[in-house]
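Here's the letter readout for the chains.
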Amino acid sequence: DVKVTQSSRYLVKRTGEKVFLECVQDMDHENMFWYRQDPGLGLRLIYFSYDVKMKEKGDIPEGYSVSREKKERFSLILESASTNQTSMYLCASSFSGTGVDEQYFGPGTRLTVT
Amino acid sequence: GIQVEQSPPDLILQEGANSTLRCNFSDSVNNLQWFHQNPWGQLINLFYIPSGTKQNGRLSATTVATERYSLLYISSSQTTDSGVYFCAVFKAAGNKLTFGGGTRVLVKP
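Model, not experiment: these values are computed from the prediction.

Undergrad: For this particular structure, what's the right way to read the sheet that holds strand E8 (residues 73–78) of chain A?
TA: Whether parallel or antiparallel, the strands of a sheet pair through hydrogen bonds between backbone atoms. Residues and elements named next belong to chain A. Spatial strand order, E1-E3-E8-E7: 4 strands in an open sheet with antiparallel pairing. The two strands at the open ends of the sheet, each matched to only one other strand, are strand E1 (4–6) and strand E7 (64–70). Strand-to-strand, the axes of this sheet are offset by a mean angle of 20 degrees, without reference to chain direction.

Here it is as structure tokens:
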């Protein structure tokens, strides 16, 4: 079975802090994704990566950066957390470079910025 | 970009009832997935179904790609079926998975 894990289920940070959200997949998938989910706005893509050290912006990249130094790990970085980044963050992975394959999601991280 | 609409937005069922959830999308797609989001927020994969029909236990799904819709059937519903069901489509040109707004299902005992 595909397993996608995220470093924390719940996280509370203060405004201005640098925040790291980690995601690890164990199926040698090429693609990895970060989404955020907000009531009324649904799931929106922040960034994705189709290979090590490669990244592409999604719909809402402002205020975020990512890092993919190893194939199995994809990190989302909030350089200076703000209250409007309070949200549910979901990581996903899929097999092929085209991105067409089935995406598998991690359990999510509920981030609160105070 | 591609639009994905799900209906109904909310559904209340008595345990044992059957139901159909619908997903309409505005353009041709390369991939369509159905997910169940449990109360803890995790998205559980139900079906990967860009076309055709699949069944998994009490759940089944049909996608008619030429008419740009997909249906998810829940038979003999159970309280554990409660949660939000999402349809999501992938179009290679857009290079991302686009989600519908979800159908919130509540199954009462």
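That was the structure; now back to the text.
Undergrad: Explain the interface of chain A and chain B to me, please; I cannot follow it from the model alone.
TA: One frequently used descriptor of interface size is the decrease in accessible area upon assembly of the parts. If you look at the interface, chain A gives 20 residues, while chain B gives 17 residues. Of the roughly 1600 Å² buried between chain A and chain B, counting both surfaces, carbon and sulfur atoms make up 52%. Per-residue buried area on chain A facing chain B is highest for A:Val100, A:Glu102 and A:Phe105; these three make up 31% of the total on that side. For the pair chain A and chain B, the number of links is 0 salt bridges. Counting the contacts that link chain A with chain B gives 6 residue pairs in polar contact (both at pLDDT 80 or more). Looking at the side of chain A that touches chain B, the elements with two or more residues in it are strand E4 (31–38), strand E5 (42–49), strand E9 (87–94) and strand E10 (104–105) of chain A. By residue number, the principal contributor to the side of chain A that touches chain B is E5(A), which donates 3 residues.

Undergrad: What am I meant to see in the nonpolar core here?
TA: Soluble globular proteins tend to pack their nonpolar side chains together in the buried interior. In this structure, B:Leu21, B:Phe25, B:Trp34, B:Phe47, B:Leu72 and B:Val89 are the most contacted members of the largest nonpolar core, which totals 22 residues. Counting residues per element, the ones that place at least two in this core are strand E2 (10–14), strand E3 (19–25), strand E4 (31–37), strand E5 (43–48), strand E7 (59–64), strand E8 (69–74), strand E9 (83–91) and strand E11 (103–108) of chain B.

Undergrad: I tried to follow the pairing of strand E3 (residues 19–25) of chain A on my own but got confused; where do I start?
TA: Every regular strand shows the same layout, with side chains that alternate between the two sheet faces. All names here are of chain A. On E3, burial follows the alternation: Val19, Leu21, Cys23 and Gln25 on one face are buried, whereas Phe20, Glu22 and Val24 on the facing-out side are not. In terms of strand pairing, E1 meets E3 through 3 bridges, oriented antiparallel. Looking across to E3, one finds that Thr5 is bridged to Val24.

Undergrad: Got a minute to help me understand the pattern of salt bridges in this structure?
TA: Residues and elements named next belong to chain A. Across all of its chains, the model carries 8 salt bridges over all chains by this definition. Between Asp28 and Lys71 there is a salt bridge; the shortest N-O distance is 3.2 Å. Of this pair, Asp28 sits in the loop between E3 and E4 while Lys71 sits in the loop between E7 and E8; the two residues are 43 residues apart in sequence, bridging distant segments of the chain. Between Lys53 and Glu69 there is a salt bridge, and its shortest N-O distance comes to 2.4 Å. Placement of Lys53 in the loop between E5 and strand E6 (56–57) and of Glu69 in strand E7 is noted, with a sequence separation of 16 residues between them.

Undergrad: Could you clarify how one ought to interpret the state of the cysteines in this entry?
TA: Disulfides are covalent bonds that connect the sulfur atoms of two cysteines. Considering all chains together, one arrives at 2 disulfides over all chains under this definition. The disulfide partner of A:Cys23 is A:Cys91, and the S-S distance across this bridge is 1.8 Å. Measuring the twist about the S-S bond at about -75 degrees, one finds the A:Cys23-A:Cys91 disulfide to be left-handed. One end of the pair, A:Cys23, is in strand E3; the other, A:Cys91, is in strand E9, and 68 residues separate them in sequence. Comparing A:Cys23 with A:Cys91 shows no difference in burial state: the two are buried. Here B:Cys23 is linked by a disulfide to B:Cys87, with a sulfur-sulfur distance of 2.0 Å. Judged by the torsion about the S-S bond (-50 degrees), the B:Cys23/B:Cys87 disulfide is left-handed. Here B:Cys23 is found in strand E3, whereas its partner B:Cys87 is found in strand E9, with 64 residues between them in sequence. Since its relative accessible area comes to 0%, B:Cys23 is described here as buried.

What counts and what doesn't
- By convention here, each chain's residues receive numbers from 1 onward along its written sequence.
- Starting at A for chains and at 1 for ligands, labels are handed out in the order in which the entities are written.
- Reporting of local features is limited, given that this is a predicted model, to residues whose pLDDT is at least 70; pairs of side-chain atoms are given and counted only at 80 or more, and all residues count toward the totals for whole chains, interfaces and linings.
- As a convention, hydrogens and water are excluded, and side-chain values are obtained from all of the structure's heavy atoms.
- A pair of strands is labelled paired if DSSP reports no fewer than 2 bridges between them.
- Helix and strand definitions follow DSSP, with helices as H or I runs of at least four residues and strands as E runs of at least two, each counted in order from the N terminus.
- Interaxial angle, 0 to 180 degrees, is taken between N-to-C directions of lines fitted to C-alpha atoms, where a helix line uses only the stretch in contact.
- Residue contacts are counted whenever heavy atoms from the two residues lie within 4.5 Å of one another.
- A 1.4 Å probe defines the accessible area here, and the buried area is the portion of it lost by two parts on being joined, summed over both.
- Salt bridges are defined by distance alone: a side-chain nitrogen of Lys or Arg within 4 Å of a carboxyl oxygen of Asp or Glu.
- Here a polar contact is taken to be a pair of N or O atoms separated by no more than 3.5 Å, where protein atoms must pair a possible hydrogen donor with a possible acceptor and residues adjacent in sequence count only if both atoms sit in side chains.
- Here, nonpolar core means buried Ala, Val, Leu, Ile, Met, Phe, Trp, Tyr and Cys residues that are tied together by side-chain atoms lying within 4.5 Å of each other.
- Each residue's exposure class comes from its accessible area (1.4 Å probe, protein chains only) as a fraction of the maximum for that residue type: buried when under 20%, exposed when over 50%, partly exposed otherwise.
- By definition, disulfides here are pairs of cysteine sulfur atoms that lie within 2.5 Å.

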